[in-house]
Amino acid sequence: GEADVKAQNEFIKLGSEFRGRIALAVSAVQDAYGNAIARYLGITEQDTPTVIIIDYDNKMAKYKIDREITAKNTRMFLLNFFHDNLVPFYKSVAIPEPEYSYDGNIQIVVGHNFQKVVSDPTKHVLIELYSPSCGRCQEFAPIYASVAEQVAQVEDLVVAKLDGSVNDAPGVSVEYFPMIFFYPKNAKDKPIEYIGERTETAVLEFLKQHVTIPILN
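Described in the following lines is the structure provided in the data block. Here the residue numbers are simple positions, counted from 1 along each chain's written sequence. In keeping with the model being predicted, local features are shown solely for residues with a pLDDT of at least 70 and side-chain atom pairs are shown and tallied solely at 80 or more, while totals for entire chains, interfaces and linings include all residues. With hydrogens and water excluded, all non-hydrogen atoms of the structure serve as input to the side-chain values.

Here the focus is the pairing of strand β4 (residues 106–109). Relative to β4, strand β3 (residues 102–103) runs antiparallel, the two sharing two bridges. Across the sheet, Asp103 pairs through a bridge with Ile106, a residue of β4. Only strands that DSSP links by at least two bridges are regarded as paired with each other. Starting at the N terminus, helices and strands are each numbered in turn, a helix being any DSSP run of H or I of at least four residues and a strand any DSSP run of E of at least two. Here β3 folds back onto β4, and the loop between the two strands holds two residues, one of which, Gly104, carries a positive phi near 70°. Two elements, β4 and strand β6 (residues 157–163), share three bridges in a ladder whose sense is parallel. In the sheet register, Ile108 faces β6, and the bridge partner there is Lys161.

Using a 1.4 Å probe on the protein chains alone, a residue whose accessible area is under 20% of its type maximum counts as buried, one over 50% counts as exposed, and one in between counts as partly exposed. Regarding helix α1 (residues 2–12), the residues found buried are Ala7, Glu10 and Phe11. One face of α1 carries all of its buried residues, which in axial projection span an arc of 100°. By definition in these notes, contact holds between two residues if any of their heavy atoms fall within 4.5 Å. On the buried face of α1, the contacting elements are α2 (15–18) and α4 (71–82). The arc in question is traced by the directions running from the helix axis to the C-beta atoms.

Let us look at the sheet that holds β4. Pairing is mixed in the open sheet, where six strands are placed in the order β3-β4-β6-β5-β7-β8. Since the sheet does not close on itself, it has two edges, and those belong to β3 and β8 (192–194), each with one partner. The strands touched by helix α6 (residues 135–150) are β4, β5 (124–130), β6 and β7 (179–183); relative to β5, the strand with the most contacts, the crossing angle is about 165°. Note on geometry: axes are lines fitted to C-alpha atoms, helical ones only across the stretch in contact, with angles between N-to-C directions running from 0 to 180 degrees. Sheet strands in contact with helix α7 (residues 200–210) are β5, β6, β7 and β8, and its direction is about 160° off that of β8.

Below, the discussion takes up the pattern of salt bridges. What counts as a salt bridge is simple: a side-chain nitrogen of Lys or Arg found within 4 Å of a carboxyl oxygen of Asp or Glu. Following the criterion strictly, the structure yields eight salt bridges and no others. We note a salt bridge from Arg75 to Glu17, for which the minimum N-O separation is 2.7 Å. Residue Arg75 is found in helix α4, and its partner Glu17 is found in helix α2; the two are separated by 58 residues along the sequence. The shortest N-O distance in the salt bridge between Asp168 and Lys62 comes to 2.9 Å. Taken together, the residues Asp168 in the loop between β6 and β7 and Lys62 in strand β2 (residues 61–64) connect sequence positions 106 residues apart.

Our focus in this paragraph is the environment of Gly1. Within the secondary structure, Gly1 sits in the segment before α1. The class for Gly1 is exposed, based on a relative accessible area of 71%. C-alpha separation for the pair Gly1 and Pro49, spaced 48 residues apart in sequence, amounts to 9.4 Å.

Listed below in structure tokens is the structure:
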């Protein structure tokens, strides 16, 4: 529309000033490539026109402009990024109501409450980042559910999952699905990625090695 064309023209004006400092690109959500980018960013056509920065050097952190797209506003947005004055935004669906916050023994986590859940100092947290369309994730789902059932009585251990197709995991660089991380309750700043076999026995053995209390016979 007219607003999109105007925003694009204002955006392009900044190309020469910021050349070499940041790669500027224009994408339309209506075409296949642009639509894929929009889904990754968690935006829809109703959100456009917009300007988003993806920081590849900071675990793919994303920043979104919060005002009208003019050359002046966008320039200030970019300068604020270079001066570390922006707060990242995260893709997320709504936090589920309590009655829908568990799938069996697995807590359902979204982008909005990811940090709250994994940072709880009273809980060890094992969390799977997955995509419903991922074949390996589908194969692992019943195994993960069985693991959660096996440790359901351990009061200071949370087994959780996050749908990475519609949620970001703040602070985590998601490289593939499924990814599994363990957040020890006494070392929340040092999550451990589980890279072992995707079997019930192997995951349970991993938990026995890292949880500070005996959790399994």
